Amino acid sequence: MVLVESNGEKDSSALVDYQGNPADKSRTGGWLAAGLILGTELSERICVMGISMNMVTYLVGDMHLSSSKSANIVTNFMGTLNILGLLGGFLADAKLGRYLTVATFASITALGVTLLTVSTSISSLRPPQCHDSRKNTCVQANHGQLAMLYLSLYIIALGGGGIKSNVSGFGSDQFDASNPKEQKAMVYFFNRFYFCISLGSLFSVTVLVYLQDNVGRGWGYGISAGTMIIAVVVLLAGTKLYRFRKPQGSPLTIIWRVVYLAWKKRSVPFPSHDSFLNEFNTSKVAHTHRLKFLDRAAILEDHEVSSGYTNNPWLVSTVMQVEEVKMVIQLIPIWSTCILFWTIYSQMNTFTIEQATFMNRYLGSFEVPAGTFSVFLFLTILLFTSLNEKLFVPMARRITHKPQGLTSLQRVGIGLLFSIAGMIASAIVEKRRREMAVNEKIKITAFWLVPQFFIVGAGEAFAYVGQLEFFIREAPERMKSMSTGLFLSTLAMGFFVSSLLVTLVVAATGKSWLRNNLNQGKLENFYWMLAVLGVLNFLVFLVFARKHQYKIRNDGGPETDQEKELTHWQDEAIVDDIEKKAVVEAKEVPLVD
């Protein structure tokens, strides 16, 4: 549900039409407008998933790059796409608004996928063909050929980041939260948004991956480019039908201002009592003594009072602003322990797909493309999302006697445990696969990869929703819009950490673990290393989770009307709607974006 932040209250009066006049709700918004917006998200998912899930096979097989370098290119691409969600959110909040941001970045994505289609279709932009791309005799792509590829990928990353941080919010703007009928429709919108994400992902890893591997990369990426161009045209065609919400200013500005003022006033002594801090008595957030150095930003100096500058935000902050920044900083410990989950998850996009290329992928007479095996990941996520609603949450309610069943941090913890188990399964399967290939010259079936897809997918069903719910509920009320960006940054950092670990392992082991030919390496050792890191990370997470103090209002009551509404919905046993609502705030479904 979208909130316009005006003194912490819900406000639907900011909705306007394309001319800036108050929106006529009989002629704007609703399902027609929302449906046009859903098309943009469907196209974005087709583009991004069609690239990320099968790019590693192109880099190894056609560009003749090493497995480790190919994996890093994919994880750096996905990391950049997620981190640029912060830029898209900032631009929408501060200046452009969601519509212009989505339209602009969708056009950028269309340009990027078009360039990628050209890059993979023109033979001069690829090195000469080689019968066995895993031999050192093959000519690797030169700097010019890689430059075109990188340009295409990072244009797509820029566009995708801007879309995914705003499209769900723009879609929900088409429904009025103050109208009971439209409020109910908004829940269905989130469900259908979730469906479009899943549909786009499944289409990408089945149809598009098959076309890329068996017909041609140009055809696969060309279809993605075509769908994105059509989505942009459809989005623009519906301009007169949309309801728009004016930019409210970015919460990142508040954070920067508080930190800047606290540093600027670092030598100013604290007042004799906290009540002398700026707007102490009118703050809607309880003042705390944690991170006390930030309180300096709210100190009123004598010359500021005498000059009447107490309302100038660049000279002095309010207690409420300072406490909001404290809340954001207190999310960082949990944020840091969520990163490794996505580092482990990224292996499903890279080395696991590479494993499949060394295995028997025949189903009867049909050879399943390596990238298509990730369909088991998405199917598992959908399965466990349904089980959460029908089985796990009701069971947890009976055990804990709490309406929400599992807390957000408990879900994250379960997800982390699944990720560790996933890496253990990956290591066992890879060791067996390599031994059979080297000693007995037998390719075992690629369906042995299903357990690791299943386990990691189950982990995502818990971790993704748990992490996003945690950041949304624990973020300050007036900074809800940045909670999506904060969550997306954990995905981004997870992919970047994967690239870093691969680079360090290659440097430390002399490529004995990660070889271009997996039969000559020891990939299972890399998986075991991730499992050990996962255990250590889980122990740190438990410490941070136990120490985390959930926020309360100044009056000690329920945090907000939004939280009351959340609890009510949970009491009505429709947790699935809550989960899907949380997911689409940022879900770049590796099912976030």
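Everything in this summary refers to the structure shown in the same document.

For the rest of this paragraph, the subject is the overall build of the protein. Tallying secondary structure elements over the protein gives 19 helices and 4 strands in all. Relative to its 593 residues, the protein shows a buried fraction of 58%. As displayed, the protein offers around 24000 Å² of accessible surface, 62% of which is attributable to carbon and sulfur atoms.

The next thing to look at is the state of the cysteines. In protein chemistry, a disulfide is the covalent bond that joins the sulfur atoms of two cysteines. Counted according to the given criterion, the structure contains 1 disulfide. Across a sulfur-sulfur distance of 1.9 Å, C130 and C138 are joined as a disulfide pair. The S-S bond linking C130 to C138 shows a torsion near -65°; that makes this disulfide left-handed. Looking at C130, the relative accessible area reads 27%, which means it is partly exposed.

So, on to the nonpolar core. Core analysis: the largest hydrophobic core is formed by 116 residues, its most contacted members being M55, L59, Y242, Y345, L377 and F526. Ranked by residues supplied to this core, first place goes to helix α3 (residues 67–121) with 15 residues. Counting 15 residues, the second largest nonpolar core, distinct from the first, contains I255, V258, L261 and V268.

Take the pattern of salt bridges next. The final tally for this structure, using the stated rule, is 14 salt bridges. A salt bridge links D24 to R27; its shortest N-O distance comes to 3.8 Å. Put simply, E44 and R45 hold a salt bridge, and the shortest N to O gap is 4.0 Å. For E44, a relative accessible area of 0% corresponds to the buried category.

This part is about the packing of aromatic side chains. With the rule as written, the count across this model stands at 24 aromatic pairs. Here the aromatic rings of F170 and Y242 are separated by 5.2 Å at their centres, their planes lie at 70°, and the arrangement is edge-to-face. Of the two residues, F170 sits in helix α5 (residues 167–172) while Y242 sits in the loop between α7 (217–237) and β2 (244–245), which places them 72 residues apart along the sequence. Taken as a pair, F170 and Y242 share a single burial class, namely buried. Taking 5.4 Å as the distance between ring centres and 85° as the angle between the ring planes, the aromatic pair formed by W342 and Y464 counts as edge-to-face. Remark: Y464 occurs in helix α15 (residues 450–474) and W342 occurs in helix α11 (residues 332–346); sequence separation between them is 122 residues. Side by side, W342 and Y464 carry an identical accessibility label, which is buried. Joined through ring pairs, the aromatic side chains of F341, W342, Y345, Y464, F470, F471 and F487 make up one cluster.

This part takes up a nonpolar patch on the surface. A cluster of nonpolar residues, V532, L533, V535, L536, L539 and L542, forms a patch on the protein surface that exposes about 480 Å² of accessible area. Relative to the helices and strands, L536 resides in helix α17 (residues 523–547).

Before going further, it helps to examine the environment of L382. By the secondary structure assignment, L382 is in helix α13 (residues 375–400). Looking at L382, the relative accessible area reads 25%, which means it is partly exposed. Taking the C-alpha atoms as reference points, L382 and S198, separated by 184 residues in sequence, lie 8.3 Å from one another.

Positive phi, close to 60°, is recorded for E279, a residue that is not glycine. Counting through the fold element by element, E279 comes out in the loop between α8 (251–264) and α9 (302–306). E279 sits in the partly exposed class, given a relative accessible area of 38%. Despite not being glycine, K441 shows a phi value in the positive range, around 55°. Mapped onto the secondary structure, K441 falls in the loop between α14 (408–439) and α15.

What counts, and where the lines are drawn
Position labels on residues start from 1 in each chain and follow its written sequence. Where totals are concerned, whole chains, interfaces and linings use all residues; where local detail is concerned, this predicted model gives features only for residues with pLDDT of at least 70, and gives and counts side-chain atom pairs only at 80 or more. As a rule here, side-chain values come from all non-hydrogen atoms in the structure, and water together with hydrogens is ignored. Only DSSP runs of H or I with at least four residues qualify as helices, and only runs of E with at least two residues qualify as strands; both kinds are numbered from the N terminus onward. Relative accessible area decides the class of each residue, using a 1.4 Å probe on protein chains only: under 20% of the type maximum gives buried, over 50% gives exposed, and in between gives partly exposed. In this description, accessible areas are obtained by the Shrake-Rupley approach with a 1.4 Å probe, and a residue is regarded as covered only by the protein chains that are shown. In plain terms, two cysteine sulfur atoms within 2.5 Å form what is called a disulfide here. Side-chain atoms within 4.5 Å are what join buried Ala, Val, Leu, Ile, Met, Phe, Trp, Tyr and Cys residues into a set we call a nonpolar core. Here, a salt bridge means any Lys or Arg side-chain nitrogen found within 4 Å of an Asp or Glu carboxyl oxygen. Working definition: a ring pair exists when centres of Phe, Tyr or Trp rings (six-membered ring for Trp) sit within 6.5 Å. Plane angles under 30 degrees give stacked, over 60 give edge-to-face, the rest tilted. Patch construction takes residues with relative accessible area above 30% that form no salt bridge. Like charges are linked within 9 Å, and nonpolar side chains (Val, Leu, Ile, Met, Phe, Trp, Tyr) are linked within 5 Å.

In short, the description is geometric, and any link to function would need to be established separately.
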